[in-house]
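A look at the structure
Chain by chain, the residues:
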Amino acid sequence: STLYNALEYTQNGPIRDHWKESPERHDAFGFWVEALYHLCLTDSNLEYRSWLAQAVLDSEDLGIGLPPSIIGVHGEAATPDERMPCPSPHDPRLRVINICGGSRHELLIVNPCKEGIPLEWQQVPDDDIVWDLPKKDKQGAADTVPVVAPRGWLVGKGTIVGTVA
C-alpha cells in the first residue's frame, strides 16, 4: 500500500539521517515516534515495534525526550476504559512504551544504554505479561529476570484484567 511504502521509506531511506543533521529538524523525531506509536496501536506487526524502538533510540541519542502519549494515557489514542497505568522499571534508564487497547496490554521496553539492564519493576504490572525473549534467553528458569540487551528492546504482551478510568 502507499501508506506502508511511505512509512518504509521514512524508516529505511535517508530522511531520518536528514532529521539528525540539524537541531532545527530534531523535533521531527517526536512526530515520528508519535506516528509509530499510533501505528502500533492499530497493527500488531512486530516490524513496527522495531521501528518504534529505533525511533526511541534516535530520540534518546539526540537528547530530545519522548512524547508523553507513549506511556498509554493519550486521550486521542485510547479511550478511558482502554488505558492502563504504565509500570515504572527499577532502572530509570529503561524506556517503557505502553501499547494498550481493547482487551490487550503490550509493553515495549527499550534500553538506550551500552550495557544490558535487568527488567525489574518498582511495582509489578497488574496483568500477566509474557515476554518475547530471544531464543537463547528462553532456556533459563521461569523466574529468571529478563535482561534488555544493550541498545535493544523487548516486547511483553498480556491480557488486561482490570481497567483504569
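Heads up: these notes are all about the structure in this document.

Parameters and conventions
- Numbers given to residues run from 1 along each chain, matching the order in which its sequence is written.
- Only residues with pLDDT of at least 70 are given local features in this predicted model, and only at 80 or more are side-chain atom pairs given and counted; all residues enter the totals for whole chains, interfaces and linings.
- Where side-chain values are given, they derive from all heavy atoms of the structure, hydrogens and water being excluded.
- Two rings belonging to Phe, Tyr or Trp (six-membered ring only in the last case) form a pair when the distance between their centres is within 6.5 Å. Interplanar angles under 30 degrees mark stacking, angles over 60 mark edge-to-face geometry, and anything in between is tilted.
- A run of H or I in DSSP becomes a helix once it reaches four residues, and a run of E becomes a strand once it reaches two; helices and strands are each numbered from the N terminus.
- Note on classification: 1.4 Å probe, protein chains only; a residue is buried when its accessible area is under 20% of the maximum for its type, exposed when over 50%, partly exposed between these limits.
- To estimate the expected span of a helix, subtract one from its residue number and multiply by 1.5 Å.
- Two N or O atoms count as a polar contact when they lie within 3.5 Å, although within protein this holds only if one can serve as hydrogen donor and the other as acceptor, and sequence-adjacent residues are included solely when both atoms are side-chain atoms.
- One speaks of a salt bridge when a side-chain nitrogen belonging to Lys or Arg is within 4 Å of a carboxyl oxygen belonging to Asp or Glu.
- For helices, the fitted axis covers only the stretch in contact; all axes are lines through C-alpha atoms, and the angles between them, taken along N-to-C directions, range from 0 to 180 degrees.
- By definition, any crossing whose near helix is turned counterclockwise from its far helix by less than a right angle is left-handed, and any crossing with a clockwise turn is right-handed.
- Any pair of residues with heavy atoms lying within 4.5 Å of one another is described as a contacting pair.
- All residues other than Ala, Val, Leu, Ile, Met, Phe, Trp, Tyr, Cys, Pro, Asp, Glu, Lys and Arg, Gly among them, are scored as polar; the first ten of these are nonpolar and the last four charged.
- We define the nonpolar core as a collection of buried residues of types Ala, Val, Leu, Ile, Met, Phe, Trp, Tyr and Cys that are connected through side-chain atoms lying within 4.5 Å of one another.

Remarks on the packing of aromatic side chains
Per the counting criterion, the structure on display carries 6 aromatic pairs. For the ring pair Y4 and Y48, a centre distance of 6.5 Å and an interplane angle of 55° mean the geometry is tilted. With Y4 in helix 1 (residues 2-12) and Y48 in helix 4 (residues 46-62), this residue pair connects regions lying 44 residues apart in the sequence. Ring geometry for W19 versus F29: centroids 5.4 Å apart, planes at 85°, classification edge-to-face. Taken together, the residues span a long stretch of sequence, with W19 in helix 2 (residues 15-21) and F29 in helix 3 (residues 27-42) at a distance of 10 residues. Taking the relative accessible area as the measure of exposure, W19 reaches 13% and is therefore buried.

Examining helix 4
Spacing of three or four residues puts side chains on the same side of an α-helix, whose turn is 3.6 residues. With 17 residues, helix 4 ought to run about 24 Å at 1.5 Å a step, and its terminal C-alpha atoms sit 25 Å apart, in line with that. Buried residues of helix 4: Y48, R49, W51, L52, A53, A55, V56, L57, D58 and S59, and no others. In this structure N45 caps helix 4, since a side-chain oxygen of it lies 2.8 Å from the backbone nitrogen of E47. Just beyond helix 4, the residue with positive phi is G63, at close to 70°.

Regarding helix 3
For helix 3, spanning 16 residues, the distance from its first C-alpha to its last is 24 Å, which sits close to the expected 22 Å at 1.5 Å a residue. For helix 3, the complete set of buried residues consists of A28, F29, W32, V33, E34, L36, Y37, L39, C40 and L41.

Quick look at the pattern of salt bridges
Pairing between side chains of opposite charge can happen when the charged atoms of each approach one another. Inspection of every chain in the model, using the stated rule, returns 8 salt bridges. In this structure, the salt-bridge partner of R49 is E106, at a minimum N-O distance of 2.7 Å. Taken together, the positions of R49 in helix 4 and E106 in strand 2 (residues 104-110) put the pair 57 residues apart, joining distant regions of the chain. Each member of the pair R49 and E106 is classed as buried. A salt bridge links D61 to R151; its shortest N-O distance comes to 2.8 Å. Note that D61 is positioned in helix 4 and R151 in the loop between strand 5 (147-148) and strand 6 (153-159), a separation of 90 residues in sequence. Judged by its relative accessible area of 33%, R151 is partly exposed. Taken together, the salt bridges that share partners define one network made up of R16, K20 and D58.

Here we look at the packing of helix 1 against helix 4
As a packed pair, helix 1 and helix 4 sit with axes 11 Å apart at the nearest point and diverge in direction by 40°. The way helix 1 lies across helix 4 gives a crossing that is left-handed. For the pair formed by helix 1 and helix 4, the contact residues are Y4, L7, E8 and Q11 on the first element and E47, Y48, W51 and Q54 on the second. Looking at side-chain class alone, the contact of helix 1 with helix 4 contains 4 nonpolar, 2 polar and 2 charged residues.

A short note on the nonpolar core
Within the largest apolar cluster, 24 residues are counted, with the highest numbers of intra-cluster contacts made by L36, L52, I97, I99, L108 and V110. Listed by contribution, the elements that provide at least two residues to this core are helix 3, helix 4, strand 1 (95-101) and strand 2. If one sorts the elements of this core by residue count, helix 3 sits on top with 9 residues. Once residues within four sequence positions are removed from consideration, I97 is found in contact with Y37, L52, V56, I70, E106, L107, L108 and V110. One finds L94, I129, V148 and L154 within the second-largest nonpolar core, a separate group that totals 12 residues.

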